[in-house]
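# Results of the structural survey
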Amino acid sequence: MTVGIHARVPLGGRFLLQDFTDSRVAQRYGLYNLPRDVCVVANLKALCERVLVPLETRFGRAVTVLSGYRSQTLNRLLGGVQGSQHLDGEAADFIISGVKPCDAALTISACDDLPFDRLVHERRIMASGEVQTWLHISHRRMDKNRQTVWHAVSRDGIRREAPGLSGLVGADGITVAA
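The text that follows walks through the structure, step by step, so that each part is easy to find. Fair warning: this is a prediction, and the values are worked out from it, not measured in the lab. (Residues numbered from 1 in each chain as written. Predicted model: local features only at pLDDT ≥ 70, side-chain atom pairs only at ≥ 80, totals over all residues. Heavy atoms only, no water.)

## Some remarks on the nonpolar core
Within the largest apolar cluster, 34 residues are counted, with the highest numbers of intra-cluster contacts made by L11, F20, L52, L55, I108 and I137. Of all the elements in the fold, those that place two or more residues in this core are α3 (38–59), β3 (63–67), β4 (91–96), α5 (101–109) and β6 (131–138). With 9 residues, the single largest contributor to this core is α3. Ignoring anything within four residues of it in the chain, the contact list for L11 reads L16, L17, F20, V41, L44, K45, C48 and E49. (Core = buried A, V, L, I, M, F, W, Y, C linked by side-chain atoms within 4.5 Å. Buried < 20%, exposed > 50% of the residue type's maximum accessible area, 1.4 Å probe, protein only. Helix = DSSP H or I, 4+ residues; strand = E, 2+ residues; numbered from the N terminus. Contact = heavy atoms within 4.5 Å.)

## A closer look at the sheet that holds β3
Pairing is mixed across the open sheet formed by 6 strands, whose spatial order is β3-β4-β6-β5-β7-β8. Both edges of this open sheet fall to β3 and β8 (158–163), since each of them pairs with a single strand only. Between one strand axis and the next, the sheet turns through 30 degrees on average, direction left out of account. The sheet contacts of α5 involve β4, β5 (118–125), β6 and β7 (148–155), and relative to β6 the element is tilted by about 20 degrees. (Pairing = 2+ DSSP bridges. Axes fitted to C-alpha atoms, helices over the stretch in contact; angles between N-to-C directions.)

## Looking at the packing of aromatic side chains
Throughout the structure, instances matching the rule amount to 1 aromatic pair. Between R14 and the ring centre of F15, over which it is positioned, the NZ or CZ distance is 4.7 Å. (Phe/Tyr/Trp six-rings, centres within 6.5 Å; stacked < 30°, edge-to-face > 60°. Lys NZ or Arg CZ within 6 Å of the ring centre and 35° of its normal.)

## Thoughts on the pattern of salt bridges
Tallying each qualifying case throughout the model produces 10 salt bridges. Where D113 meets R58, a salt bridge forms, and the shortest distance between an N and an O atom there is 2.7 Å. With a gap of 55 residues between them, D113 in the loop between α5 and β5 and R58 in helix α3 connect regions that are remote in the sequence. On the basis of relative accessible area, D113 is assigned to the exposed category, the value being 57%. Two residues, R140 and D117, come together in a salt bridge whose shortest N-O distance is 3.6 Å. (Salt bridge = Lys/Arg side-chain N within 4 Å of Asp/Glu carboxyl O.)

## Topic: the state of the cysteines
Counted by the stated rule, this structure contains 0 disulfides. C39 provides the cysteine sulfur closest to C48, a residue in no disulfide bond, and the two sulfurs are 16 Å apart. Exposure remark for C48: the relative accessible area of 0% places this residue in the buried category. Distance from the sulfur of C111, which forms no disulfide, to the nearest cysteine sulfur (C102) is 15 Å. (Disulfide = S-S within 2.5 Å.)

## Description of the side chain of H136
Among the secondary structure elements, H136 is positioned in strand β6. Overall, the relative accessible area of 9% leaves H136 in the buried class. Here the side chain of H136 touches H86 through a polar contact of 3.4 Å, side chain to side chain. (Polar contact = N/O pair within 3.5 Å; in protein donor to acceptor, adjacent residues only side chain to side chain.)

Structure follows, in structure tokens:
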């Protein structure tokens, strides 16, 4: 169903739709990046209520969404995969204030009570050598959540993914072994 959807729609906790749709790339290209289908908004609401708000409670810190809903065009411009859960409002890339993404990933992956579909610890190595790190998490409102855990590294436009969190080093200095 298509309706007039506005950016200030509350999704749960302190999250608004605009937290998932604001995009510098969309602004640069003049793209409309609000969902046109209420099912997408319902998916984002479920993601907030069942995953992101509980994460804020568990960590006692704010979750900042870096990328949420993406239109087809925006997803293509960002190099997103075809069929990305971002297209359906089922995924968010995020960081947790004051928590290293690797530590958050290790904690989240051990949560039996958090209904996530896919958790990915993401790292992008820039040409300058700078490393950007964040988490990707998804939730399926209408389907079984598989609770799969992955890590991914991107460098020079090439992305590699592998299951698990093998090789991550937590704040305690312990490396997660395969």
